[in-house]
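The primary structure of each chain is shown beneath.
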Amino acid sequence: MQSSQALGGISPWDLLICLSSRKNDGTGCFQIEDLHHLELFQKVNLLPEIQHFLCRKEGLCQITKAFPDLQLSVVTPECSGQPGMSRASTASNASQGSKSTDKIHGSHPSNHVSGSPYHKDILKAQDLSVIIKAYVLVTSLTPLRAFIHSTTTVWHPPKKKHFSVKLQRFFEIFFRSSSPQQAFNNMKEAISKLLLMTEVFSESSTSGPNSFNQCSQCFQMLTFDVGFGTSVYPVVLKVHENFDFQDEDESNIQDQTLKELLFEDTFNFLLSNESSTTSFIEALQKIYGSAVNKDGTYHREDEQCLSLEEINSMITFIKELKSLGQFELLFPSAAPQIQTLLRDLYHMVDPMRQLGSVLTVHWLLSSLLEQFQSMTKEAQMNPSEWRSKKNSRNSSQTIMKWLQPRNSSQENASPKQNVPSDFRKNHDALRYSSKTKEQQCSYDKDTLSHIRQIFTSPQLDLNPQFNPKIKEYYAEVPFDMVMVKIGAEPSNCQCQVHLDEKKGPSIANYPLGLGLNKVIALVTDDSQPSPQVVSTYKITIYRENRPSLPLFDDYMMCGFVQDCGSRIRPEESCGLQPLSREYLSAISQTMFKTCEAGDTKGQWIVPCLSCSDNRTCDWREITWQPHGCQYAVLAKPELQRCVEGRRILFIGDSTNRGMMYYLIERVNKTLQEWQKTHDIKCYHNINEGKTFISYSYYPQFWMSSNQRPTFEKALEQLLQRSRPLENTDQTVLVVGGVQWLNSNHLQIIQKVLSRENLSNILVIIKSIGMGFHLPVDGIHSLSQVEIQNLWNENLVILDTAKNFGYEVVDTFVITMGRYKEFLQGKCGCHFHEVVKSNPSEESPHITMTLSRQYTLGKYFGSQSKPSQLQDYATNSQSPYHVRGPINQVYSEILLSRLCASKRELVST
C-alpha cells in the first residue's frame, strides 16, 4: 500500500490498491490529483464519484433528494435541513421514476428509509433478522460495470458473532421457506439501483467531484451492508469504500482467510491475461451485421465513430466476462426493470438528451453481453443442437431484436388468420390428464399451498425458474406475441388451481396488451365443504413495444392502412407501401386545409430504411395522415375557450370513457381523479368550473339481458342527470363504443332528442373499432370474416350519422391497421389506459404531427415545429395520465369536431 507521495515514484506498475486503516486520521492514502497522470493500462482503486455520493452521508442525501419518488431500499443518515424527519420514516408509495426535472436539484423531504412497493413495513436496523456484507467490485462508473463476489459475511444483530458463507447458499438457507432466488435478485437489484443512480447523478450534478475521464481504468472495491427482516426485500444500511471486514480485535482465522481469498480473486480478476480482442470483434460483427450497407459501411445509432475510450471499455468488458472467477456480473443487467430504470434515470436528469452518448455505450455493452453469452452457448453445443437453436425463436431477447436477420417482414406476410402463427402451432400443447395428475400429485399437507407446474404456450421464459415455493414470476415477450395460453396443476391431490378468480378455469387463453399483463393463479383446498384459497401465484408478463430502429439520414416514407395479419379489405394492399414523390410533396404544403369531417380517409405514415421490412422503421414517429387535409391540434387556451359554458355528455363503453378522460386532461392539464365508471358520473370541476361533463356506461354487459337497461332508457337517464341543457351546440352528446353501436341506436338518439326538445344540440358519433379479434376465454370473439364485415357496418353507421346532421369520428379505420397495439383488457380493444403519472413511459410529442427535425427532413421541413401538446404530455403534477398514442390521435379528431363550429364563428 503506497502513499500519495510515492505514487509517482513507482515504476513500472499496473495495479494500485490503497486501503486506509480504521484508526487513521480520515485522510486517504493518495490524492485525487494523482489520477491525472496515469497511463491507460494503470489501474487504481479509486472512483471519486462513488466515494463522494455513496460512501458519505452528505452524498447519499444528495441522491435521495434528487430522486425522491424512486422506490429505494436504503437507510440514509439524518439529512441536514430536514428537521423532524425520523430515522425510519417510510417512503410515500409514489410512482417510480417521476420525471419532473424541477425536483432533480431542488429540495425535497428525503426519505430516510425508502421501502419497496411490496414491503410496506417500516424498516429499522434493530428489527432486522440478519445483516450480510456484499462485496462488490466496480470496474467502471460511466458506463457502469460492476461485479459481486460469491462469498459473504453474515451476522445476526445485535450479536457480533459472524461467519462467512457462499451468497447463494446463504439465501437457500435463510429463505428456504419463501423465495431464495427472488431474495437474491432483490438484493442485486437494490445494489444496482444505487450504483446506477450514482452514475447518473455524477454525470448530471454540478456539485461534488469532477469527472475523471483520464482514469479510464480506475475501479472501486465496495462493501454493501445489507439487512433482511422477515421479507425477501432487503435494506441497504451502509456502503463502505473498500472491502470491509469485522473489527481486527474480533477477527479470527476464518476472517483472515476470507481477506486473502477476496484480494486474491480481485487480483486475478483485474490482472487477467485473457485475450479478448477476437471475441470483441466477433461480437461487434454480430451486433452490426445487419446494419451494413451494400458498400460495406456501418450505420450506428448516434451516427458517430467509436472513440478509443469506448473501444477500450468494451474490450475490457469482454476480458472481464472471460475472467469472472468467483465474481458474478451485477451490471450490465438483462433484467427489464433495470434496463428501464437506466433509461428513465437518464431521461429524468437529461431531458435535452445531451448525455445520449453514455446511453449509447450502455447499449453497446448490453449488446456485447448478449452476443458473448450467445457465443458461449454456441461453443458448448454440438452442431445438431446449434442448428436447432438457430431455428427456434428466443422470445426473451430485449435489446437487439431488430438487429437479428430474418428472411422476410412479418408485417408484409400474409397469414390465413389474425391469430399468431406460433400460438396456432402450439395451441394443443397443454393437455391435462386426470390419470397423470393422480400419479403426480401428493397427499402431503406441506404441499397444500403449492402449484406443481405452470404450463404456457408459447413457452414463456419465467424469471425466476419455476419453483413451487416461489409465488411471483416475470416474463417478457416480443411485440408479435399477442396471446398466450396458461395453465397450472396443484401439487396436492385435494387442491385445484383456478386462474383469476376462485371459480376460474385451470387453463385459459390470455391476450397480451402492450406493457404489463398480470395473471393470478389461485390454489384452493377442495377438501372442505366450501373450497378455501390457500395460496396465490402471480405471473407478470411484459409485452414489448413494436421494435423501432432510430433513423439514419437515408430513409423513405412508407404508408399503410391495414396489417397483413388481419386484412379487413382483402381487395386492397396491406402492410407498408412506398409513398410517391407527388403524395409526399402534396402533404408537405404549408397551406394545408383543415379537414371538414372526422371520417376523412387517410393512412398511417412512418419513416423507414425500407418499406419491405417493418423492423427498419422508426415507429415512434408514426403519424395519421388524412388525404388532402389535416386536423388542427388545439392549444390549451383555444380548447378551454371552445368548451367554456358547454355541457358535454358521453354515453358508451370504456373506449368512449377513454376519450372523455383524455378531454378532461387536455382541458384541465391534469387528471385529478379516475375510476372505471360503470354507471353515471358527473364532473363539475372542468375548466375551472366553466365546463360540465357527464358520462354513462353502456351497455351494462354484466347484467342479464332481461334486467339490462335499454339504450333509450340509459340515454334518458343521462340527459336527466345532466340538466339544465340548452337546445344549442352548447350541449354536446358523444356516443360510441367498440362494436355494439349500429344504425338503430342512431334512430333512438334522434327520437329521444326530439322528444326532449334537444334536436339542435351537437351530436358526435364515435364509430366502432378493432377488438374481440383473439380467441380469449370468457368473451365472444370474432372470426376473420366477422371482422371484415365490420367495415360495411361501420360505413352504414357513418352515413346514417351524417344524414342526421351528426358529426362523426371514424375510429375503425384508425385502429384496424394497428390492432396489435392494444393495451390491457380481455377484449383486445383498448388503445388507452389511465395510469399514475410517469411521463417517461410515453413519447412527449403527439402523434398527430411528425415533430422531430431529422425525421421531417426534406419532405416535412416546412412543418417542423414542437408539438403544441408537449407541455400537456409531460405534466408531472397530474396524478393520472391517459396513455396511448392511437387513442390520442382519434381523441384529437374528436376535439377538432367539437370545436369546429366555434372556429367557424371566430373566422367569420
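This one's a predicted model, so the numbers in the text were calculated from it and none came from an experiment. (Residues numbered from 1 in each chain as written. Predicted model: local features only at pLDDT ≥ 70, side-chain atom pairs only at ≥ 80, totals over all residues. Heavy atoms only, no water.)

A.B. asks: Please explain the overall build of the protein chain as it appears in this structure.
C.D. replies: Helix and strand counts for the protein chain come out as 24 helices and 27 strands. When the 908 residues of the protein chain are sorted by exposure, 54% land in the buried category. Within the protein chain, residue pairs in contact and separated by at least 24 positions form 74% of the contacts whose partners lie at least 6 positions apart. Accessible surface for the protein chain amounts to roughly 40,500 Å². Of this, 49% is attributable to carbon and sulfur atoms. (Helix = DSSP H or I, 4+ residues; strand = E, 2+ residues; numbered from the N terminus. Buried < 20%, exposed > 50% of the residue type's maximum accessible area, 1.4 Å probe, protein only. Contact = heavy atoms within 4.5 Å. Areas by Shrake-Rupley, 256 points an atom, 1.4 Å probe, with all protein chains shown as cover.)

A.B. asks: Mind showing me how you'd approach the nonpolar core here?
C.D. replies: In a soluble, globular protein the nonpolar side chains are often hidden away together inside. By size, the foremost hydrophobic cluster in this structure holds 93 residues, and its most contacted members are Leu733, Ile749, Ile765 and Leu898. Within the second largest apolar cluster, 60 residues are counted, among which are Ile132, Leu195, Met197 and Val358. (Core = buried A, V, L, I, M, F, W, Y, C linked by side-chain atoms within 4.5 Å.)

A.B. asks: I keep staring at the sheet that holds strand β11 (residues 483-490) and nothing clicks. Help me out?
C.D. replies: Strand pairing in a sheet relies on backbone hydrogen bonds. The paired strands run either parallel or antiparallel. Pairing within the open sheet is antiparallel, and its three strands lie in the order β9-β11-β13. Each edge of the open sheet is held by one strand with a lone partner, namely β9 (451-457) and β13 (507-511). Here the average twist between neighbouring strands, direction ignored, is 25°. Pairing between β9 and β11: six bridges, direction antiparallel. Bridge pairing in β11 places glutamine 453 opposite glutamate 489. (Pairing = 2+ DSSP bridges. Axes fitted to C-alpha atoms, helices over the stretch in contact; angles between N-to-C directions.)

A.B. asks: Whenever I open this one, the pattern of salt bridges confuses me. Can you help?
C.D. replies: Side-chain pairing between opposite charges can occur once the charged atoms of the two side chains come close. Within the structure shown, the criterion is met by 24 salt bridges. Between glutamate 756 and arginine 723 there is a salt bridge, and its shortest N-O distance comes to 2.5 Å. With glutamate 756 in the loop between α18 (743-755) and β24 (762-766) and arginine 723 in the loop between α17 (711-721) and β23 (731-736), the pair connects residues that are 33 residues apart, well separated along the chain. Residue classification places glutamate 756 among the partly exposed positions, given a relative accessible area of 26%. Salt-bridge contacts for glutamate 807 lead to arginine 897; the nearest nitrogen and oxygen are separated by 3.0 Å. (Salt bridge = Lys/Arg side-chain N within 4 Å of Asp/Glu carboxyl O.)

A.B. asks: Mind showing me how you'd approach the environment of methionine 557 here?
C.D. replies: Following the sequence through the fold, methionine 557 ends up in strand β16 (residues 556-560). Judged by its relative accessible area of 2%, methionine 557 falls in the buried class. In this structure the C-alpha to C-alpha distance between methionine 557 and leucine 579, which are 22 residues apart in sequence, comes to 6.0 Å.

A.B. asks: For this particular structure, what's the right way to read the environment of lysine 601?
C.D. replies: Relative to the assigned elements, lysine 601 resides in the loop between α14 (581-587) and β18 (602-608). Look at lysine 601 and you get partly exposed, because its relative accessible area is 38%. Linking lysine 601 and histidine 627, residues 26 residues apart in sequence, is a C-alpha distance of 6.0 Å. Residues in contact with lysine 601, not counting those within four places in the same chain, are Pro626 and His627.

A.B. asks: What's the story with the state of the cysteines in this structure? I'm lost.
C.D. replies: Think of a disulfide as a covalent bridge from one cysteine sulfur atom to another cysteine sulfur atom. Under the definition given, this model contains seven disulfides. Sulfur-sulfur distance for the disulfide between cysteine 558 and cysteine 611 comes to 1.9 Å. Taking the sign of the S-S torsion, about -90° here, the bridge from cysteine 558 to cysteine 611 comes out left-handed. Here cysteine 611 lies in the loop between β18 and β19 (623-626) and cysteine 558 lies in strand β16, a separation of 53 residues in the sequence. With respect to class, cysteine 558 is no different from cysteine 611; both count as buried. (Disulfide = S-S within 2.5 Å.)

A.B. asks: Please clarify how unusual backbone geometry should be interpreted in this entry.
C.D. replies: Among all residues save glycine, negative phi is the norm, and among peptide bonds the norm is trans. Residue threonine 142 is joined to proline 143 through a cis peptide bond whose omega torsion reads -5°. On the secondary structure map, proline 143 appears in the loop between β3 (130-140) and β4 (145-155). Here the amide bond leading from arginine 723 into proline 724 is cis, since omega sits at 10°, within 30 degrees of zero. Within the fold, proline 724 resides in the loop between α17 and β23. Of note, glutamate 688 is a non-glycine position whose phi angle comes to about 55°, a positive value.

A.B. asks: Can you walk me through the side chain of histidine 881 in this structure?
C.D. replies: Mapped onto the secondary structure, histidine 881 falls in strand β27 (residues 880-883). Exposure remark for histidine 881: the relative accessible area of 7% places this residue in the buried category. Reaching out from histidine 881, the side chain makes a polar contact with the side chain of glutamate 665 at a distance of 2.9 Å. (Polar contact = N/O pair within 3.5 Å; in protein donor to acceptor, adjacent residues only side chain to side chain.)

A.B. asks: What's the story with the sheet that holds β16 in this structure? I'm lost.
C.D. replies: Strand order in the open sheet made by the four strands is β17-β16-β18-β19, with antiparallel pairing throughout. At either end of the open sheet lies a strand with only one pairing partner, and these are β17 (577-578) and β19. Judged from the four bridges that link them, β18 and β19 form a sheet pairing that is antiparallel. Bridge pairing links isoleucine 605 to threonine 623 in β19.

A.B. asks: Just to check I follow, could you spell out the environment of isoleucine 814 for this structure?
C.D. replies: With respect to the element layout, isoleucine 814 can be found in helix α20 (residues 812-815). C-alpha of isoleucine 814 to C-alpha of methionine 770: the two residues are 44 residues apart in sequence and 9.0 Å apart in space. Aside from chain neighbours lying at most four places away, what touches isoleucine 814 is Trp604, Trp624, Ile886, Val889, Tyr890 and Ile893.

A.B. asks: Please explain the pairing of β18 as it appears in this structure.
C.D. replies: Side-chain direction in a regular strand flips from residue to residue, so the side chains alternate between the two faces of the sheet. Among the seven residues of β18, seven are classified as buried, and the element is accordingly described as predominantly covered. Residues of β18 alternate between two faces, with Gly602, Trp604, Val606 and Cys608 on one and Gln603, Ile605 and Pro607 on the opposite face, all of them buried. Note: β16 against β18, five bridges, orientation antiparallel. Among the inter-strand pairings, cysteine 558 is bridged to a residue of β18, identified as valine 606.

A.B. asks: Would you mind showing me how to read the packing of helix α3 (residues 57-66) against helix α5 (residues 180-204) here?
C.D. replies: For any two helices packed against each other, the geometry is given by the interaxial angle and the distance between the axes. Where α3 meets α5, the closest approach of the two axes is 11 Å, and the angle between their N-to-C directions is 85°. Comparing their axes, α5 and α3 come out roughly perpendicular. Here Gln62, Ile63 and Ala66 of α3 come into contact with α5, specifically with Met197, Thr198 and Phe201. Grouping the constituent residues of the contact of α3 with α5 by class yields four nonpolar, two polar and no charged. (Parallel < 35°, antiparallel > 145°, perpendicular 65-115°, else oblique. Nonpolar A, V, L, I, M, F, W, Y, C, P; charged D, E, K, R; others polar.)

A.B. asks: In this structure, what is going on with the confidence of the model for the protein chain? I would like to understand it.
C.D. replies: Atomic detail in the predicted coordinates should be set aside for any region of low pLDDT. The predicted model of the protein chain averages 75 in pLDDT, with 70% of residues at 70 or higher. Note that pLDDT drops below 50 for residues 290-303; the model gives that stretch 27 contacts with residues more than four away or on any other chain. (pLDDT = per-residue confidence, 0-100.)

A.B. asks: So what exactly am I meant to see when it comes to the pairing of strand β22 (residues 691-697) here?
C.D. replies: Of all seven residues that make up β22, seven are buried, and the element is covered over most of its length. Where strand β20 (residues 647-652) meets β22, six bridges bridge the pair, whose relative direction is parallel. Counterpart to isoleucine 651 in the pairing with β22 is serine 696. Relative to β22, strand β21 (residues 680-686) runs antiparallel, the two being bridged by five bridges. When the sheet's bridge partners are listed, isoleucine 686 is paired in β22 with threonine 691. Count of turn residues in the β21/β22 antiparallel hairpin: four residues, of which asparagine 687 carries a positive phi of about 60°.

A.B. asks: Hey, could you run me through the packing of aromatic side chains in this one?
C.D. replies: For any two aromatic rings, the description comes down to two numbers: the centre-to-centre distance and the angle of the planes. A complete count under the given rule lists 23 aromatic pairs for this structure. Look at phenylalanine 804 and tyrosine 806: their rings are 5.7 Å apart centre to centre, the planes differ by 50°, and that puts the pair in the tilted class. According to the relative accessible area criterion, tyrosine 806 is buried, its value standing at 9%. Here the aromatic cluster, defined as three or more aromatic residues joined through ring pairs, consists of Phe170, Phe171, Phe174, Phe175, Phe184 and Phe228. Sitting above the plane of the tyrosine 683 ring, lysine 681 keeps its charged end 5.7 Å from the centroid. (Phe/Tyr/Trp six-rings, centres within 6.5 Å; stacked < 30°, edge-to-face > 60°. Lys NZ or Arg CZ within 6 Å of the ring centre and 35° of its normal.)

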